[in-house]
Amino acid sequence: MRQSLVVGNWKMNGTLATNKLLAEGIVAGLNASSESAACAVCVPFVYLPSIGDIVKGSRLGLGAQNIANKASGAFTGEVAASMLVEFGCQYALVGHSERRTYYGDTNQTVAERFCQAQEQGITPILCIGETLAQRENNQTFAVVEEQLDVVIALAGIHAFSKAVIAYEPVWAIGTGKTATDEQAQEVHHHIRSYIAAKDQTIADKIQILYGGSAKPDNAKGLFAMPDIDGGLIGGASLDAESFLQICHSI
Ligand code: 13P
């Protein structure tokens, strides 16, 4: 049985004050109820120390939204895995579609970030998914396979025993256009089968999250699908109540 996981991706939102309130609200809600998936929030780098203090000792995990593809050195603007560990980061998103689209992340640099996270004991959340044009050209499976292949080639399939995959169809991110339960399940199942062909045990164990306009009112249906183990939540994670509802709908 796989443990469910719901991760909030705050993206570039909030202020120190509002983000502290948000984290406090989520922690309080999780403390008040024992029935919930494992939960974490991926916060902007600068807020890691403050949010880290708030989540310490709670059931809310802490993550970053990106991680350097090098260990240290002259890489202006990057944040190393070893630095994230100092602030209690347990997770790091790697290869989010916004990083791939706007900041030039490639399958290769994403694979390097994945390895850097693991070298420091941070669990990478590898984000993969197709654009609308790729879906319409029936390339969805090929796209996610290629995104996986480059990481498998660099890190090895066994590295996936300490990783999470997030399937985020690019056309569903921030658009209000969620994949249907069946559309998401189809791709999740394909991803799990693809990994199973290389290692059945890892495929059975790995958590595959769905991301893309997931909300309290559609989370239950998505999470009921056999290969969907939780969610990576953008907009709806910016409100403590709606994030908690999603965490509780597992
Ligand atoms: P939305 O939930 O706002 O569509 O964002 C999804 C996402 O990109 C999470 O990483």
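Given the structure is predicted, the values throughout are model-derived calculations rather than measurements. (Residues numbered from 1 in each chain as written. Predicted model: local features only at pLDDT ≥ 70, side-chain atom pairs only at ≥ 80, totals over all residues. Heavy atoms only, no water.)

A. Structural context of the packing of aromatic side chains. Inspection of every chain in the model, using the stated rule, returns three aromatic pairs. Here the basic side chain of Lys198 rests over the ring of Tyr194, its NZ or CZ set 4.7 Å away from the ring centre. (Phe/Tyr/Trp six-rings, centres within 6.5 Å; stacked < 30°, edge-to-face > 60°. Lys NZ or Arg CZ within 6 Å of the ring centre and 35° of its normal.)

B. A look at the layout of surface pockets. Within this model, the largest pocket holds a volume of roughly 440 Å³. As for the largest pocket, its lining consists of 14 residues, of which Lys11, Met12, Gln65, Arg99 and Tyr103 are closest to the centre. Of the residues forming the lining of the largest pocket, the biggest block, three residues, is contributed by helix α4 (residues 97-102). Grouping the constituent residues of the lining of the largest pocket by class yields seven nonpolar, four polar and three charged. Quantified by volume, the second largest pocket comes out at close to 230 Å³. Those elements giving two or more residues to the lining of the second largest pocket turn out to be α4, β5 (123-128) and α7 (140-155). The element that contributes the greatest number of residues to the lining of the second largest pocket is α7, accounting for four residues. (1 Å grid on protein atoms, 1.4 Å probe; cavity = no way out; pocket = protein on both sides within 12 Å on 5 of 7 lines; lining within 4 Å. Points joined across faces, edges and corners; volume = space filled by probe spheres on them. Helix = DSSP H or I, 4+ residues; strand = E, 2+ residues; numbered from the N terminus. Nonpolar A, V, L, I, M, F, W, Y, C, P; charged D, E, K, R; others polar.)

C. The pattern of salt bridges, seen in detail. Scanning the model with the defined rule gives eight salt bridges in all. Glu78 serves as the salt-bridge partner of Arg113, at 3.1 Å between the closest nitrogen and oxygen. Note that Arg113 is positioned in helix α5 (residues 107-119) and Glu78 in the loop between β3 (60-64) and α3 (81-86), a separation of 35 residues in sequence. Note on Glu78: relative accessible area 30%, which makes it partly exposed. Taken together, the shared-partner salt bridges in this structure form one network comprising Arg2, Arg192, Asp227 and Asp229. (Salt bridge = Lys/Arg side-chain N within 4 Å of Asp/Glu carboxyl O. Buried < 20%, exposed > 50% of the residue type's maximum accessible area, 1.4 Å probe, protein only.)

D. Structural context of the sheet that holds strand β6 (residues 164-167). With parallel pairing, eight strands are arranged side by side around a closed barrel as β1-β2-β3-β4-β5-β6-β7-β8. If you compare each strand with its neighbour and ignore which way they point, the axes differ by 25° on average. Of the strand pairs in this sheet, strand β4 (residues 91-94) and β5 are connected by four bridges, and their pairing is parallel. For Ala92, the partnering residue across the bridge sits in β5 and is Pro124. (Pairing = 2+ DSSP bridges. Axes fitted to C-alpha atoms, helices over the stretch in contact; angles between N-to-C directions.)

E. Representation of the site of the ligand in the model. Around the ligand, a shell composed of Asn9, Lys11, His96, Glu168, Ala172, Ile173, Gly174, Gly212, Ser213, Leu232, Gly234 and Gly235 is seen. Between an oxygen atom of the ligand and a side-chain N or O atom of Lys11, the distance comes to 2.9 Å. Within the contact set of the ligand, an oxygen atom lies 2.9 Å away from a backbone nitrogen or oxygen of Gly234. Calculation on the ligand without its partners gives an accessible area of 310 Å², and the protein chains cover 96% of this total. Broken down by class, the residue content of the shell around the ligand amounts to three nonpolar, seven polar and two charged. (Near = heavy atom within 4 Å. Polar contact = N/O pair within 3.5 Å; in protein donor to acceptor, adjacent residues only side chain to side chain. Areas by Shrake-Rupley, 256 points an atom, 1.4 Å probe, with all protein chains shown as cover.)

F. Representation of the side chain of Gln147. Within the element layout of this structure, Gln147 appears in helix α7. Assessed through its relative accessible area of 7%, Gln147 is described here as buried. Aside from chain neighbours lying at most four places away, what touches Gln147 is Arg100, Asn107, Ile128 and Gly129. (Contact = heavy atoms within 4.5 Å.)

G. Quick look at the packing of helix α1 (residues 16-32) against helix α2 (residues 48-55). The contact between α1 and α2 brings their axes to 9 Å, and the two run at 25°. Between α1 and α2, the interaxial angle falls into the category roughly parallel. When the axes of α1 and α2 are compared, the crossing they make is right-handed. Residues Leu16, Asn19, Lys20, Ala23, Glu24 and Val27 of α1 lie in contact with α2, whose contacting residues are Ser50, Ile51, Ile54 and Val55. Here the contact of α1 with α2 is composed, by residue class, of six nonpolar, two polar and two charged. (Parallel < 35°, antiparallel > 145°, perpendicular 65-115°, else oblique. Left-handed = near helix turned anticlockwise from the far one by under 90°.)

H. Spotlight on α7. An ideal rise of 1.5 Å per residue puts 22 Å on 16 residues; α7 measures up with 23 Å between its terminal C-alpha atoms. Buried residues of α7: Thr140, Val143, Val144, Gln147, Leu148, Val151 and Ile152, and no others. The arc that holds the buried residues of α7, viewed along the axis, is 165°, so those residues lie on one side. On its buried side, α7 packs onto α4, α5, β5, α6 (132-136), β6 and α8 (181-196). Once α7 ends, the next one or two residues include Gly156, with phi positive near 90°. (Expected span 1.5 Å × (residues − 1). Arc of directions from axis to C-beta.)

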